[in-house]
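Report on the structure
One letter stands for each residue in the lines below.
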Amino acid sequence: MVAATPMAQAVDPVVVMASDFEDGTSQGWFGRGSAVLAATLDAAHTGTQSMRATGRTATWNGPGRNVLGIVQKSATYVIEAYVRMVAAQPSAAIHMTMQRTPEGGSTAFERVSSAAVTDAGWVLLRGEYSYQVDSTELQLYLESDNATVAFYTDDVKITMIAPAPGGPPDETGIVTGFEGGTRQGWSPRIGSETLTVTEADAHSGRFSLLTTTRTQTYAGPALNVFGRIGKGKVYTFSLWLKLAPGQAPAQLRFSIERRLAGTPNYVTLVGNKTVTADAWVQFTGQYTLAYDVDFLSVYAESNSGTPSFYLDDFEMVFVPPIPIQRDIPRLRDVFAADFPIGTAVDRTDTVGVPAELAVQHFGQITPGNAMKWDATEPAAGQFTFAEADALVSFATANGMRVHGHTLVWHNQTPAWVFQDAAGQPLTNSPEHKALLLQRLESHIRAVAGRYAAQIYAWDVANEVIDEYQPDGLRRSRWFEVTGLDYLRTAFRVAHEVAPNAVLYINDYNTHLPRKREFLFSLVQQLRAEGVPVQGVGHQTHINVERPPVAQVEQSILRFANIGLQQEITELDMSVYGNAVDSYATVPPEIITAQGYRYRDLFDVLRRNKQHLSAVTMWGSSDANTWLKNFPIPRLDLPLFFDEQLQAKPAYWGVVDPSRLPLLTRTLTVPAGKPQIDGKTELQWDQLPMTRIESATGPATGFQLRWDSRFLYVLAQVSDDTRDKADSVEIFVDDNNGKTPTYQGDDTRHVLRRGGKDVREILGGYQVEAAIALRSPGTTSRRIGLDVRVKDTARPAETVSWNDSELHGQDTDTSRWGTVTLIPAVGQADAPEATTAPIVDGVADPIWAQARQITTAIPVIGSGGATATAKLLWDNGYLYVLVNVTDAVLDQSSANLYEQDSVEIFVDPDNGKTTGFDDDDGQYRISFSNRQSVGGGFAAADNLTSATAVVPGGYLVEARIQLDTIRPHEDSLLGLELQVNDATGGRRTAATTWHDPTGVSYVNTSRWGVLQLTKH
């Protein structure tokens, strides 16, 4: 027996493993050597079953159990097992032994306990055990001096009587930096890998772990964390990966495998990240174990290919739970008079503190994944309901409603559903159509029928609209094989088996007018046919910048009063305005802005509560959100409660906005000198209005321009009361001092509805003014500013741009926003083509009609290629001719953006948004006429191009279809041009026509403007 070390601290004994074999399995035990193990009813110490070992041919043969991860270094354990000889077997000594291999050392066999055993009765083997060094193997086994004797084993139990220094083993965490020159517990996951501790590279210190000879994408370094992660507890992970020299860039990820009784399950902890041989990349994630397991291992793997890579500075940290706040209003109470409030859940939300949070604040749940096809029927006719049952039981036990999600979807549907018996893809033949519809019906009858008494609503069909298609219908395999019959069948069968459930059609981006109208038309068509579509679900995955909440309201109102229920089904709000940014720590001002935006959104939802049957958040807290892995792995915090499950500004924005932190809104103001006459003109038309969101009071938008002497203001107010005392007030802090009292440079300007340069417009009025600046306007200068609107008929409903809670601009400038002066909006003219140019890479004479613009603003590097461009239009197309000056042409990179190329950015409605809207397009054309197209409706068939290499560079001619607008004289389009200059397979320089930010590919707000003119 190995001597135990003194207790690190007094704790209650904790059973870390127990085997009683009452389930009729070996419960993780295996036969060593020739030993054959079987659960048996022949004898039992307690209960009715034990485990019998027969077929032994050597003394060391017998039952064995891997306990690495269960038995932790430096902790002390009592290990017990009851043994008995099989009837008629001779008496013999039986030993309980631990086979342990230290990291980098030789295997040791450590005796725990021994006893003489007969067939007359059960004998207890009991001993204490501890070990003090990192080990790669730890196997508990039973053996006998008699090489062939058969014996029973029962009631094996391992009890920790003293934890390792630092606390319980599942709270001490793990740190491996390989600085001892050993693998520190990491091992090959499947056995073919070679793991080498090396000094060839390291993220920190001298050593790292190199993995080579990988033969599968899932092969890689693995670390056994069984026993080091406790059920219901939260852990953070951090590790650094880098490819070995000579490896091409690849996507790696970090995952965890859990097993119970031999059944594996795999979870991605950190999604795919691109890793190169040039730099270390950090992977961070969080995990809560919500299941019983008998195996748990974390590992690094690749998305494709088998590159060799380094791993270093792995850290797993236990996150001590913080009690939820019991002294704040419960969301379910706050919204009790408005609509039920719900949350999406998985099993991790049903254990520990996350379960307390869900029950405290939400009145209903939506299983995020547990009811989807891949989770419930992974193989034909083989249904698995354990996950869904657990979530429904959780809801039932806590008095919560359940919204089912989802019965038919183009994602997360197993491949077999769309294959025939031979594994070939289904066609739209009558036979295959009937087969697919029969599979759909069988699936819905099984799933929806199982929960008919427990689920109040179902997302029957999910994401069936594709606004890029001419008819708006997604070309899913469902549609390709059955047309609309899959929808007709799904709703019919769901209604038959769950007649009391409200049946929803659910989709994202329903705020987009084009998508909204396609969905509206489909719903109307199906209902006219008698298909029982009873509700529309608006997913409402939005971000801190877009869309305007008015668009959400427009969608709710579009479906109001046609006999349908509506729900907000999957609400969250990303802290990012695009798909490429990533923060190591989200700036606090963005978290604050999120709070104000949630306030504005819920003002709209409450205003339309009569049209909403429920609002569901897509997660309870930032600790568990899909947005940490979509669209890329990054830190995202989209929900009401933070990663510690504490209320954040998003919560206070909907519960008590007066508790929101101060937000300083920012706005860029282009130079310009409009004529002050109460009318709009081209300068004002170049940009959209900045909207002031408000639950009450007049809807307001405003714009600003500047020159060296004045700040120009245009404001439009929706207010049909026509009172001359109505006013728009402009507050200017010339030095942006943000002081609690007025200083000499702070001014208030009142523009009354009955004053000069005010014009009545449909439903309201418009004001225009020039406000003198105390010091000259210059580019990059910042000015404090706020806008306040008062309606005489509704004095309590004041509207403010920045100080939107206190409206205290009369005495306090610290709560005003900040505007930054920037250069004027770039504008180009495109004359209408009297004859369409032939797109052949040759400049036709028609191009002489067009004016020339130049790319002269460096956004990457300096001294690179530049270009001149001309533009024409007709009733369906925009034509672009670009002449690039670039003496050395390079297309050696496989990435088009790293080749010599031209990018044409087009926003047909000139929305000037911080991200791409549906109508925005990015068209990239290399000098050899390779194309790539990105954006919303932009598609490859929208672009026709030709190129020609000319002395000193190359020429690009392109035709871009304007299929989302009807172009006409004076139409204003958003436009940007960028020239990429490549050297040695890398983009070394890029210049643009107008946008100086370098992010034209994700942000349209600083693009220039193209005006369509007559010839």
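Refer to the preceding data block for the structure.
The written sequence of each chain sets the order in which its residues are numbered from 1. Selection of residues for local features in this predicted model requires a pLDDT of at least 70, selection of side-chain atom pairs for listing and counting requires 80 or more, and totals for whole chains, interfaces and linings are taken over all residues. Only hydrogens and water are set aside; all other atoms, that is, all heavy atoms of the structure, feed into the side-chain values.

Some remarks on empty space enclosed by the protein
Rules: Throughout, the protein atoms alone are placed on a 1 Å grid, and a set of points is a cavity if a 1.4 Å probe fits but cannot get out or a pocket if it is open with protein on both sides within 12 Å along at least five of seven lines; lining residues have an atom within 4 Å of a point. Grid points are joined across faces, edges and corners, and a volume is the space filled by probe spheres set on the points. Three classes are used: nonpolar for Ala, Val, Leu, Ile, Met, Phe, Trp, Tyr, Cys and Pro, charged for Asp, Glu, Lys and Arg, and polar for all others, with Gly counted as polar.
Enumeration over the complete set of coordinates arrives at four cavities of 30 Å³ or more. Approximately 60 Å³ is the volume found for the second largest cavity. In terms of lining residues, the second largest cavity is bounded by Thr 510, His 511, His 538, Thr 540, Ile 542, Val 552, Ser 555 and Ile 568. Of the residues contributing to the lining of the second largest cavity, the split by class is three nonpolar, five polar and no charged.

Quick look at the pairing of strand β28 (residues 535-538)
The cut-off we apply is this: Here the term buried applies to any residue with accessible area under 20% of the maximum for its type, exposed to any over 50%, and partly exposed to those in between, with areas from a 1.4 Å probe on protein chains only. Under the DSSP-based scheme used, a helix requires at least four consecutive residues in state H or I and a strand at least two consecutive residues in state E, with every element numbered from the N terminus. At least two bridges found by DSSP between two strands is the condition for calling them paired. By convention, orient the strands away from the viewer: a clockwise path from the first strand over the helix to the second makes the crossover right-handed.
On β28, burial covers both faces: Gly 535 and Gly 537 on one face and Val 536 and His 538 on the other are all buried. Here strand β27 (residues 502-507) runs beside β28; their pairing, made up of four bridges, is parallel. The residue of β28 that forms the bridge with Ile 505 is Val 536. Read from β27 through helix α8 (residues 513-528) to β28, the crossover connection turns out right-handed. Strand direction decides the pairing type here: β28 and strand β30 (residues 565-574), joined by four bridges, are parallel. Bridging from a neighbouring strand, Gly 535 pairs with Gln 565 of β30.

A look at the pairing of strand β53 (residues 972-983)
For β53, a buried count of 11 out of 12 residues is recorded, marking the element as mostly surrounded by other parts of the structure. Both strand β48 (residues 901-907) and β53 contribute to a ladder of seven bridges, which runs antiparallel. Across the sheet, Phe 905 pairs through a bridge with Glu 976, a residue of β53. When β53 meets strand β55 (residues 1008-1013), the two strands line up antiparallel, connected through four bridges. Bridge assignment links Leu 973 to a residue of β55, and that residue is Leu 1010. Note that β53 and strand β54 (residues 986-992) share six bridges and pair antiparallel. Following the sheet pairing, Thr 983 is matched in β54 by Arg 986. The antiparallel pairing of β53 with β54 creates a hairpin that spans two residues between the two strands, and Gly 984 there sits at a positive phi of about 60 degrees.

Remarks on the packing of aromatic side chains
Rules: Ring pairs are drawn from Phe, Tyr and Trp, using the six-membered ring of Trp, whenever the two centres fall within 6.5 Å, and their geometry is named by plane angle: stacked under 30 degrees, edge-to-face over 60, tilted for the rest. Only when the NZ of Lys or the CZ of Arg is both within 6 Å of the ring centre and within 35 degrees of the ring normal is a charge said to sit over the ring.
On inspection of all chains with the given rule, the structure shows 32 aromatic pairs. Note on Phe 916 and Trp 1007: the rings are 5.7 Å apart at their centroids and 85 degrees apart in plane angle, and the pair reads as edge-to-face. Of the two residues, Phe 916 is situated in the loop between β48 and β49 (921-926) and Trp 1007 in the loop between β54 and β55; the sequence distance between them amounts to 91 residues. A ring pair is formed by Phe 927 and Tyr 954, whose centres lie 5.9 Å apart and whose planes are at 55 degrees; its orientation type is tilted. Placement of the pair is Phe 927 in the loop between β49 and β50 (931-935) and Tyr 954 in strand β52 (residues 953-961), with a sequence separation of 27 residues. The residues Phe 927 and Tyr 954 share a single accessibility class, namely buried. Ring pairing ties together the aromatic residues Phe 335, Phe 339, Tyr 598, Phe 602 and Phe 640, which thus form one cluster. Taking NZ or CZ as reference, Arg 189 lies 3.6 Å from the ring centre of Tyr 299, over its face. Note that Arg 659 overlies the ring of Trp 652, its terminal NZ or CZ placed 3.7 Å from the centroid.

Observations concerning the pattern of salt bridges
Quick note on the threshold: Within this document, salt bridges are pairs made up of a side-chain nitrogen of Lys or Arg and a carboxyl oxygen of Asp or Glu, the two lying within 4 Å of each other.
Tallied over the full model, the rule gives 55 salt bridges. For Arg 558, the salt bridge goes to Glu 517, with nearest N and O atoms at 2.9 Å. Here Glu 517 lies in helix α8 and Arg 558 lies in helix α9 (residues 549-558), a separation of 41 residues in the sequence. Under the relative-accessibility criterion, Arg 558 is labelled partly exposed at 30%. Residues Lys 648 and Asp 622 are paired through a salt bridge, measuring 2.6 Å at the closest nitrogen-oxygen approach.

Focus on the layout of surface pockets
Its volume calculated, the second largest pocket comes out at about 1,000 Å³. Considering the residues around the second largest pocket, the lining is formed by 38 residues, among which Val 16, Ile 70, Phe 226, Val 293 and Asp 294 are closest to the centre. Sorting the residues of the lining of the second largest pocket by element identifies β1 (14-19), β5 (62-66), β18 (250-260) and β21 (295-302) as the ones contributing at least two each. With six residues, β1 is the largest single contributor of residues to the lining of the second largest pocket. Considered class by class, the residues forming the lining of the second largest pocket number 22 nonpolar, nine polar and seven charged.

Quick notes on the sheet that holds strand β19 (residues 263-275)
Heads up, the condition is: Axes, fitted as lines to C-alpha atoms, cover a helix only where it is in contact. Angles between the N-to-C directions of the axes lie from 0 to 180 degrees.
Here five strands make up an open sheet; going across it, the order is β13-β16-β21-β18-β19 and the pairing antiparallel. Either end of the sheet is taken by a strand with one partner, and the two such strands are β13 (186-188) and β19. Across the sheet, the mean angle separating the axes of adjacent strands is 25 degrees when strand polarity is ignored. By the bridge criterion, 10 bridges tie β18 to β19 in an arrangement that is antiparallel.

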